[in-house]
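Overview (structure and organization)
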Amino acid sequence: MAEIKLEHIYKRYPGNDADSVTDFNLDIKDNEFIVFVGPSGCGKSTTLRMIAGLEDITKGDLKMDGEVMNDVHPKDRNIAMVFQNYALYPQMTVFDNMAFGLKIRKMPKDEIKKRVDNAADILGLTDYLQRKPGALSGGQRQRVALGRAIVRDAKLFLLDEPLSNLDAKLRVQMRTQIAQLHQRLKTNMIYVTHDQVEAMTMADRIVIMNDGKVQQVGTPDDLYNKPANKFVAGFMGSPSMNFFDAKLENGRVSNGKGLDVAIPEGRLKVLRDKGYEGKKLTVGVRPEDIHTEQVALEAMSDALVDAKVEVSEFLGTDSMLYSRTGDTEFVAQVNARDYHKPGEEVKMAFEMSKAHFFDDDTQVTIE
Amino acid sequence: MKNRSLSFWLFLTPTLVALALVVFIPAIMGVFYSFTNWDGLGYTEMLGFKNYITLFHNSGFIAALWFTIKFVIVTVILLNVIGLALALLVTQKFKGNNLLRTVFFMPNLIGGLILGFIWQFIFTQAFDALGKAFHMAWLTGWLTDAKTGFWGLVIVTVWQMSGYIMIIYIAYLQNIPSEVIEAAEMDGASPWQRFVHITFPMIAPAFTVCMFLTLSNGFKIYDQNLSLTNGGPYKSTEMLAMNIVNTAYSENNFALAEAKALIFFLIVAAISLLQVYYNRKREVDL
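Residues numbered from 1 in each chain as written. Chains lettered and ligands numbered in written order. Predicted model: local features only at pLDDT ≥ 70, side-chain atom pairs only at ≥ 80, totals over all residues.

**Details of the overall build of chain B**
A tally of helices and strands in chain B yields 12 helices and 0 strands. Along chain B, from the amino end to the carboxyl end, the secondary structure elements read α-α-α-α-α-α-α-α-α-α-α-α. With respect to the three principal axes, the spread of C-alpha positions in chain B is 75 × 75 × 30 Å. A buried classification covers 31% of the 286 residues belonging to chain B. (Helix = DSSP H or I, 4+ residues; strand = E, 2+ residues; numbered from the N terminus. Buried ≥ 20, exposed ≤ 12 C-beta atoms within 10 Å, placed from the backbone.)

**Some remarks on the UniProt feature "transmembrane region" (unreviewed entry) in chain B**
The UniProt record marks residues 7-33, 61-90, 102-122, 150-173, 194-215 and 261-278 of chain B with the feature "transmembrane region" (unreviewed entry), using the residue numbering of this structure. The span residues 150-173 of chain B is 100% helical and 0% strand by assignment, and the distance between its end C-alpha atoms comes to 32 Å. (UniProt positions renumbered as here; feature names shortened; annotations may be inferred.)

**Notes on helix H1 (residues 44-52) of chain A**
Note that an α-helix has 3.6 residues per turn; residues three or four places apart therefore point the same way. The element H1(A) is largely enclosed, with a buried count of 8 among its 9 residues. Phi for Gly53(A), located one or two positions after H1(A), is positive at around 95°.

**Re the domain arrangement of chain A**
For chain A, the domain assignment lists domain 1 (4-228) and domain 2 (242-359). A separation of 40 Å is found between the C-alpha centroids of domain 1 of chain A and domain 2 of chain A. (Domains from an automatic or database assignment.)

**Points about the sheet that holds strand E13 (residues 260-262) of chain A**
Residues and elements named next belong to chain A. Ordered in space as E13-E12-E11-E14-E20, the 5 strands form an open sheet in which the pairing is antiparallel. Strands with a single pairing partner mark the edges of an open sheet, and in this sheet they are E13 and strand E20 (356-359). Each adjacent strand pair in this sheet contributes to an overall mean axis angle of 40°, direction not counted. Inspection of the sheet shows strand E11 (residues 242-249) paired to strand E12 (residues 252-254) by 3 bridges, in the antiparallel sense. When the bridges of E12 are listed, Lys247 appears paired with Ser254. (Pairing = 2+ DSSP bridges. Axes fitted to C-alpha atoms, helices over the stretch in contact; angles between N-to-C directions.)

**A few points about the interface of chain A and chain B**
Between chain A and chain B, the residue contacts involve 19 residues of the former and 17 residues of the latter. Of all the secondary-structure elements, those providing two or more residues to the side of chain A that touches chain B are strand E6 (79-82) and helix H2 (94-104) of chain A. Each residue belonging to the side of chain A that touches chain B can be placed in one class, and the counts come to 12 nonpolar, 4 polar and 3 charged. (Contact = placed C-beta atoms within 7 Å. Nonpolar A, V, L, I, M, F, W, Y, C, P; charged D, E, K, R; others polar.)

**Some remarks on unusual backbone geometry**
All names here are of chain A. At the junction of Ser238 and Pro239, the peptide bond is cis and its omega measures out at 0° in the coordinates. Relative to the elements of secondary structure, Pro239 occurs in the loop between helix H8 (230-235) and E11. Positive phi, normally seen in glycine, also occurs at Asp23, with a value near 45°. Mapped onto the elements, Asp23 comes out in strand E2 (residues 21-28).

**Overview of the nonpolar core**
If you look at the biggest cluster of nonpolar residues, it comprises 163 residues, and the most contacted ones within it are Val35(A), Met81(A), Leu158(A), Ile190(A), Phe350(A) and Tyr169(B). It is helix H3 (residues 59-90) of chain B that contributes the most residues to this core, 11 residues altogether. Beyond its immediate sequence surroundings of up to four residues, Phe350(A) is in contact with Val261(A), Val285(A), Asp289(A), Ile290(A), Ala303(A), Val305(A) and Ala355(A). (Core = buried A, V, L, I, M, F, W, Y, C linked by C-beta atoms within 7 Å.)

**Some points on the environment of Gln177(A)**
Among the secondary structure elements, Gln177(A) is positioned in helix H5 (residues 168-185). Here the alpha-carbon distance between Gln177(A) and Pro220(A), two residues 43 residues apart in the chain, equals 19 Å.

What follows is the structure, encoded as structure tokens:
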């Protein structure tokens, strides 16, 4: 549909000393589903609004199919947008809400009807076309907002936290529906969310942001398994990765307060080659890489940690053990069979072949 | 339950008594007097509907009614158009919009009587001087005939009340989610199309309130009328309220004045309620 390039985009609001978005670069390929993810205030919505034309770009170029769009009015960018609070027109029926943009563009009536009926059919809204938004549920409203974007047949879809007002169950349903919609429409979509699960499940590529800066761009697999820095490692994954401040000595990382585990040969070589022997670093272990089953304890006997379970959550297939070793708290996600009660002293094996190591000063991944 | 009932009546009684003393009883007495030859002190005979028949043959009353209706139509339109325009202006993002809000609202803080005298000076002295200086005949002789008297009253009322109407529109304009306006912008609507299709329908409740206020205020206006033209020349700018007061206190015909006041009340109530009913139907929940 379209190739979109963001080149060295900056945003600074008048009266502010700092940039809200700093040096944002991204190439969006044809039909790609991009997700901007990050904590509140990280600049993801601002970037989206700059692409939409609702905010001015302070510096840098936004290009669509090679054409610089910085000064092009939002209506002329051929972009459709879905807002967090639906932004439906309350005085209009569902049909009119979807048809409004087409009527404004003076499209023939029969073509408008065809498009709206088609969108309503895709979204299961055919029975609600004559209702007003006030008479719809949250999920239906969000579908109308999507329908309003679909009928436009735009080059690019922008979705600004569209599911954050829905309840958990509906959110999962709508997530699937949006992913199906993307496959069906074969158009570029940029989706903003602060929910890393949404990002992981929907994106072709994820742009993870913090403090107005892009931290990493990559596939969900890249971001989860090869995080560029401690922030990305901590943000992606639920529960979050456990971090331990430790020192590398004699092939082991230890913090003198409970953590003292051996590092597999291959990983150790990299760390030594980079000069971390005898130095401080941060060790990251994902909760699912901590084990309590006997077979794992035997297999990883050089990476055992004595822990005390403080809180345990039974989740059906898994159990979350919120534990402590020395003065460091961490979470282990173990099989439900290995459930332990709070207060129990448990030996846990850290699967160090899957551990991540970060520079103590720069927080960048050591690889 | 008994206690609740007691406290309920305990709190309600003072208000009911006050309302009865100053509204209901005088109103009922007024209706009764309109069927008599009451002169403000007492009455000697029951006249039935004679006062009502008289007032519809009373050219002064009909003229005042017609003048008032014209005044109401013009001021309702101007007040709502200007009030909304000012509200749209000061809700834009620019430096000094708060100062402008204060400036536009300020005339509303001045009493109607004083305002009438101030504008009387402006119309008769300042307009006159400007008209002579720049040879613009239409600026001279204001308030000396029915036409300039009418427009003088309109200008004073609009100047005084548009700031107040502006405040109501501002409150509703600020309630419109910015996302809805942005969605319309993305849909390709021009600023005018956004106003017509999105903003205006969404401030319909404000329109109801402002129409009601301007309508009833327009019908009831008295003090500006008194201080600006005092109904002159030759009663040509006498409005309904003034006509009623004059009937009672100048002509000493209290009973006829009561009949006029009752008809006046019915007209204002009917128009206001009808207007509220029809405008309410157009309103939507946000």
